[in-house]
Amino acid sequence: MLARRLKALPPYLFAALDKKKEEAARRGIDIIDLSVGDPDIPTPPHIVEACCEALKDPRNHRYPSYEGMLAFREAVASWYERRKGVSLDAEREVLTLIGSKEGIAHAALAFLDEGDVALVPDPAYPVYRNATLLAGAKPFTVPLREENDFKPDLWSIPEDVAAKAKVLFLNYPNNPTTATASEDFFREVVDFAKEHEIIVFHDNPYSELTYDGYFAPSFLAVDGAIEVGIEFNSLSKTYNMTGWRIGFAVGNAEVLEGLKKMKTNIDSGTFQAIQVAAIAALTGPQECIRTATETYRRRRDILVECLNTVGIYAKKPKATFYVWARVPKGFSSVDFAMLLLEKAGILATPGVGFGEYGEGFLRFSLCESENRIKIACERLEKTLSGKLKQR
Ligand SMILES: *Cc1c(COP(=O)(O)O)cnc(C)c1O
């Protein structure tokens, strides 16, 4: 019954994990879910309030414009100027999205034909590969290895593949590895993209979730980047708005025009009351970001210290709300995730769920309360202490 293109997709990892979680819960296990990247902190009240007001205005009840309200796009442009030092033309270089996931998937459809090649990092957020497959194109796997600090070695991509490739997906600060990228790395990306005429899709939803004074640059801050690509960003992680579904793409006007053309044929834009809330988020007080990152930082410190104590090696991330940990010797990532679920009631995501090069790692998210994370740590210490060998 299903179309071939849909049958070709692997089952969505998180759906499979949800099932395991339900099974364990039915057996009465109290599960501490550190598998999903979805903030437990509520959306700040001033943002909710702005939406409530906008909801009452009948002008917001009609179809929105395809590219999004100019006021929203202007708010994005000034936020990028203030936070990232990037100047954007709100009319041509900003496009409103129904969450960045929507934009990423439609960008693949807008720019990839059957048989085209997309360079897809591995491990990675699964949408890059799956959207490439839905477009009928071929993902070429670019490994992110620990010894390269989870950055792709672009110059090791075979010449004929690079010559044929049409797009390159990237994501720093990175989910799931938590790796960060410098402007030097982005400059290398621009050189590579120019040499091979490749469109860069840089996904940057964790740009504001940084710790210990680290600043995450925008891809567009680098000379020439706007000539080769666009950057996706989102209100989801920055303002705890995952359920609201609003994000945006910024950068190359021609690429955004192509993405918009695809979108006009599939969706009809983002509900205006939500765009008004997002304007309040981008232009209002920004303390909520500091409060959230401070919360995640405390959770990070507790979890990372405990993981290292029990023999699950992990570094403290400089950004994102994940911890990327090495699976101890003698286990696959799936086996070890199952052991944690069975023995400690802790759900973490096996690295292999993000691609074959994620094998050997486990991703813990920090979207549970400090108290629950402390309980998770007690359970880990009780069940695992002294039993594991580091890889
Ligand atoms: C969460 C996430 C997204 C999706 O964000 P939305 O704007 O909510 O669609 C995109 N990319 C990565 C890497 C993410 O982790």
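Cut-off values and rules
- Residues numbered from 1 in each chain as written.
- Predicted model: local features only at pLDDT ≥ 70, side-chain atom pairs only at ≥ 80, totals over all residues.
- Heavy atoms only, no water.
- Core = buried A, V, L, I, M, F, W, Y, C linked by side-chain atoms within 4.5 Å.
- Buried < 20%, exposed > 50% of the residue type's maximum accessible area, 1.4 Å probe, protein only.
- Helix = DSSP H or I, 4+ residues; strand = E, 2+ residues; numbered from the N terminus.
- Domains from an automatic or database assignment.
- Pairing = 2+ DSSP bridges.
- Axes fitted to C-alpha atoms, helices over the stretch in contact; angles between N-to-C directions.
- Contact = heavy atoms within 4.5 Å.
- Polar contact = N/O pair within 3.5 Å; in protein donor to acceptor, adjacent residues only side chain to side chain.
- Parallel < 35°, antiparallel > 145°, perpendicular 65-115°, else oblique.
- Nonpolar A, V, L, I, M, F, W, Y, C, P; charged D, E, K, R; others polar.
- Buried area = accessible area lost by both parts, 1.4 Å probe.
- Salt bridge = Lys/Arg side-chain N within 4 Å of Asp/Glu carboxyl O.
- Near = heavy atom within 4 Å.
- Areas by Shrake-Rupley, 256 points an atom, 1.4 Å probe, with all protein chains shown as cover.

The next point concerns the nonpolar core. Counting 61 residues, the largest nonpolar core has F72, L119, L168, F219, L235 and Y239 as the members making the most contacts within it. Considering each element in turn, this core owes the most residues, seven residues, to helix α12 (residues 272-283). The residues that make up this core include at least three from each of domain 1 (4-43 + 287-384) and domain 2 (45-283). Formed by 35 residues, the second largest nonpolar core is a distinct cluster that contains V323, I346, F364 and I373.

As a further point, take the sheet that holds strand β3 (residues 117-122). What the seven strands build is an open sheet, ordered β2-β8-β7-β6-β5-β3-β4; its pairing is mixed. The open sheet has two edge strands, β2 (94-97) and β4 (138-143), and neither has a second partner. Geometrically, the sheet is characterised by an average inter-axis angle of 25 degrees between neighbouring strands, direction not taken into account. Relative to strand β5 (residues 165-170), β3 runs parallel, the two being bridged by three bridges. Residue pairing across strands places V117 opposite A165, the latter belonging to β5. Helix α6 (residues 127-134) contacts β3, β4, β5 and β6 (199-203) of the sheet and is inclined by roughly 160 degrees relative to β4. Helix α8 (residues 183-196) contacts β3, β5 and β6 of the sheet and is inclined by roughly 165 degrees relative to β5.

In spatial order, the strands read β9-β12-β11; together these three strands make up an open sheet with antiparallel pairing. A single partner strand is all that each edge strand has here, and the edge strands are β9 (322-326) and β11 (349-350). Relative to strand β12 (residues 361-365), β9 is paired through five bridges, and the arrangement is antiparallel. Looking at β12, one finds that A325 is bridged to L362. Where helix α13 (residues 287-310) meets the sheet, it contacts β9 and β12, and its direction lies at approximately 10 degrees from that of β9. Sheet strands touched by helix α14 (residues 333-344): β11 and β12. Its angle to β12, the strand with the most contacts, is close to 45 degrees.

With that out of the way, let us pick up the environment of Y239. Looking at where Y239 falls in the secondary structure, it is placed in the loop between α10 (235-238) and β8 (247-251). Note on Y239: relative accessible area 1%, which makes it buried. Sequence spacing of Y239 and I47 is 192 residues, and the spatial spacing of their C-alpha atoms is 8.9 Å. Each residue touching Y239, except ones within four places of it in the same chain, is listed here: T43, P44, I47, W79, A281, L282, Q286, C288 and I289. Here A281 takes part through its backbone oxygen, which lies 3.4 Å from a polar atom of the side chain of Y239. A distance of 2.6 Å separates the side chain of Y239 from the side chain of Q286, its partner in a polar contact.

Helix packing geometry: the angle between the two helix axes and the distance between the axes. Interaxial distance between α14 and helix α15 (residues 370-384) falls to 10 Å at its minimum, and their mutual angle equals 100 degrees. Viewed along their axes, α14 and α15 adopt a mutual orientation that is roughly perpendicular. Seen from α14, the contacting residues are F336, L339, L340, K343 and A344; seen from α15, they are R379, L380, T383 and L384. Taken together, the residues of the contact of α14 with α15 sort by class into six nonpolar, one polar and two charged.

The subject of this paragraph is the domain arrangement of the chain. Here the domain parsing of the chain yields domain 1 (4-43 + 287-384) and domain 2 (45-283). Contacts between the two partners involve 35 residues from domain 1, matched on the other side by 41 residues from domain 2. Carbon and sulfur atoms make up 63% of the area that domain 1 and domain 2 hide from each other, which totals about 3,400 Å². Per-residue buried area on domain 1 facing domain 2 is highest for T43, I289 and Y357; these three make up 22% of the total on that side. The interface formed by domain 1 and domain 2 includes two salt bridges.

Time to look at the site of the ligand. Taken together, 14 residues sit near the ligand, with D203, Y206, S234, S236 and K237 positioned nearest. Within the side chain of S234, an N or O atom sits 2.6 Å from an oxygen atom of the ligand. A distance of 2.8 Å is found between an oxygen atom of the ligand and a side-chain nitrogen or oxygen belonging to R245. Burial of the ligand by the surrounding chains reaches 94%, relative to a free accessible area of 390 Å². Elements with a contribution of two residues or more to the shell around the ligand: α5 (100-111) and α10. Grouping the constituent residues of the shell around the ligand by class yields four nonpolar, six polar and four charged.

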